[in-house]
Amino acid sequence: MGGEPGLPAGVAGAGIIGLAVARLLARSGVPVLVFEKESAVAAHQTGHNSGVAHAGIYYQPGSAKAVLCRRGVGLLRAYCAERGLPWDERGKLVVARNDAEVARLREIERRAVANGVPGLRWLDPGGIAALEPEVTGLAALWSPTTAITDFPAIARSFAADVTAAGGRVLTGTPVTGVRRRSDGGVDVITPGERHRLSHLVICAGLHGDLVARLAGDGPSPEIVPFRGEYLRLRPHARGRVRHLIYPVPDPAYPFLGIHVTPRIDGDVDLGPNAVLALARQGYRRRDVSAGHLARLAGSPAFRRLARRNWRAGLAEMRGSAFRRAFLAQARGYLPWLEPSDVEPAPAGVRAQAVDPDGSLVDDFRVHRIGAVTAVRNAPSPAATASMAIAEHIVSGLPPFLGSGR
Ligand SMILES: Cc1cc2nc3c(=O)[nH]c(=O)nc-3n(C[C@H](O)[C@H](O)[C@H](O)COP(=O)(O)OP(=O)(O)OC[C@H]3O[C@@H](n4cnc5c(N)ncnc54)[C@H](O)[C@@H]3O)c2cc1C
């Protein structure tokens, strides 16, 4: 199984997950080639996110998200301490604004306790005011260990570890074909080259389903990209909030709602919302890919998703109402917020997997097809969980790949 020992293993995608996997393989003595289509690592989700190292609050106890986020945040914290990378335990408030949200927040507290999140405290309005005088709410859950960090810097450090251990990170090298060999190994085709590998791990984010299909995996789940747009507090308003402030999420969606996100560089962002992107790398509203739209139109899974979420989707798509809708949500807990307090900030695009019945895949999902391992769903908190996801993937590989030699 898994081809000849001694051949390199390959990783498609130099985001934080691909690099965490490559690092673990390279450090256990496996020769590794990482293929990245862009000219630099961390060019997509890893470089366009909220920068939050999640403590593991929301996730269904026992789910891959819950288990790997808790393990991953500890590993990442230790890694950042060892390498002198930014890690600021700023702390986070999840704020309930009415009785229905208080009831939902109690359920979130129960999950967080079951997941082993440390230091949690339930706050009444006085407790909220003591921590954040300019935030209003009926109740809040306080998580003191939720941190902010710099995921692109972590990814670059992982890439340096791969190289230091003898592996290679080939930027500007898209995977255009994958052939599983009869001897159990796999060939990866890049422009002008064919690479003979023992195994391939696909961590291609927004293109994860397409690359998995090149390797013979099935079409489901498909990736439907959702843009996450941010607004940035202008300098005069920045000092009015100190911690991460989140609403109570809508249980119908896997997204966390518009939140206040202090950045490691001192900026403070509001966001992200969740808007259907009209291209896989559709960072701007005007980014539209005819091929992507045609694929969506022909996808039964997407049509079922759209039918279920038509009203919410349309409301978010209307460009002129964007800032008003955004501010209205944030005013639920920042009542003083005015349009003059914010300016646009760069967006990210989420690789959200959708099952054939049109439901958004909530948990992480990894497929094995012979010598190919394909990450099919790795949304937030996968950056936080990346080192634990890598352990999980590498422990499932053939022994000569996953263990030291
Ligand atoms: C708006 C937003 C906010 C988020 N906030 C957080 C947060 O606060 N905390 C958190 O933990 N997570 C957060 N996430 C999720 C997190 O960013 C992702 O889970 C994580 O970055 C996924 O990493 P990845 O390596 O799978 O994907 P990516 O970083 O997208 O990397 C995939 C790579 O594969 C490459 N690739 C694609 N196709 C090919 C090909 N054919 N050949 C070669 N290379 C290819 C791409 O160019 C890309 O570099 C957020 C995500 C978004 C979008």
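Before reading further, recall that the structure is shown in the block above.
Only a predicted model underlies this, so the values are computations on that prediction, with no experimental measurement involved.

(A) Main features of the site of the ligand. Near the ligand you find 37 residues, and of these Glu-36, Thr-46, Val-52, Ala-378 and Thr-384 are the closest. Here an oxygen atom of the ligand and a side-chain polar atom of Glu-36 are 2.6 Å apart. For the ligand, an oxygen atom lies 2.7 Å from a polar atom in the backbone of Ala-378. If you list the elements that add at least two residues to the shell around the ligand, you get α1 (16-27) and β19 (342-354). Partitioning the shell around the ligand into residue classes produces 18 nonpolar, 15 polar and four charged. If you count residues domain by domain, the shell around the ligand takes at least three from each of domain 1 (9-47 + 152-221 + 362-402) and domain 2 (90-146 + 223-354).

(B) Region of the structure containing the sheet that holds strand β10 (residues 177-180). Strands sit in the order β10-β11-β12 across an open sheet of three strands; the sheet is antiparallel. Each edge of the open sheet carries a strand with a single partner, namely β10 and β12 (193-197). With direction set aside, neighbouring strand axes in the sheet form an average angle of 20°. When strand β11 (residues 186-190) meets β12, the two strands line up antiparallel, connected through five bridges. Bridge pairing in β12 links Val-186 to Leu-197.

(C) Inspection of the side chain of His-195 at higher detail. Turning to its location among the elements, His-195 is positioned in strand β12. Looking at His-195, the relative accessible area reads 8%, which means it is buried. Among the polar contacts listed, one links the side chain of His-195 to the side chain of Thr-190, at a separation of 2.9 Å. Leaving out residues up to four positions away in the same chain, His-195 has contacts with Leu-33, Phe-35, Leu-170, Val-186, Asp-187, Val-188 and Thr-190.

(D) Fine view of the pattern of salt bridges. In this structure the tally under the stated criterion is 29 salt bridges. A salt bridge links Arg-280 to Asp-209, with the shortest nitrogen-to-oxygen separation between them at 2.8 Å. Pair noted here: Arg-280 is in the loop between β18 (275-276) and α8 (290-297) and Asp-209 is in helix α6 (residues 208-214), with a separation of 71 residues, a long-range link. For Arg-280, a relative accessible area of 8% corresponds to the buried category.

Basis of the calculations
- Residues numbered from 1 in each chain as written.
- Predicted model: local features only at pLDDT ≥ 70, side-chain atom pairs only at ≥ 80, totals over all residues.
- Heavy atoms only, no water.
- Near = heavy atom within 4 Å.
- Polar contact = N/O pair within 3.5 Å; in protein donor to acceptor, adjacent residues only side chain to side chain.
- Helix = DSSP H or I, 4+ residues; strand = E, 2+ residues; numbered from the N terminus.
- Nonpolar A, V, L, I, M, F, W, Y, C, P; charged D, E, K, R; others polar.
- Domains from an automatic or database assignment.
- Pairing = 2+ DSSP bridges.
- Axes fitted to C-alpha atoms, helices over the stretch in contact; angles between N-to-C directions.
- Buried < 20%, exposed > 50% of the residue type's maximum accessible area, 1.4 Å probe, protein only.
- Contact = heavy atoms within 4.5 Å.
- Salt bridge = Lys/Arg side-chain N within 4 Å of Asp/Glu carboxyl O.

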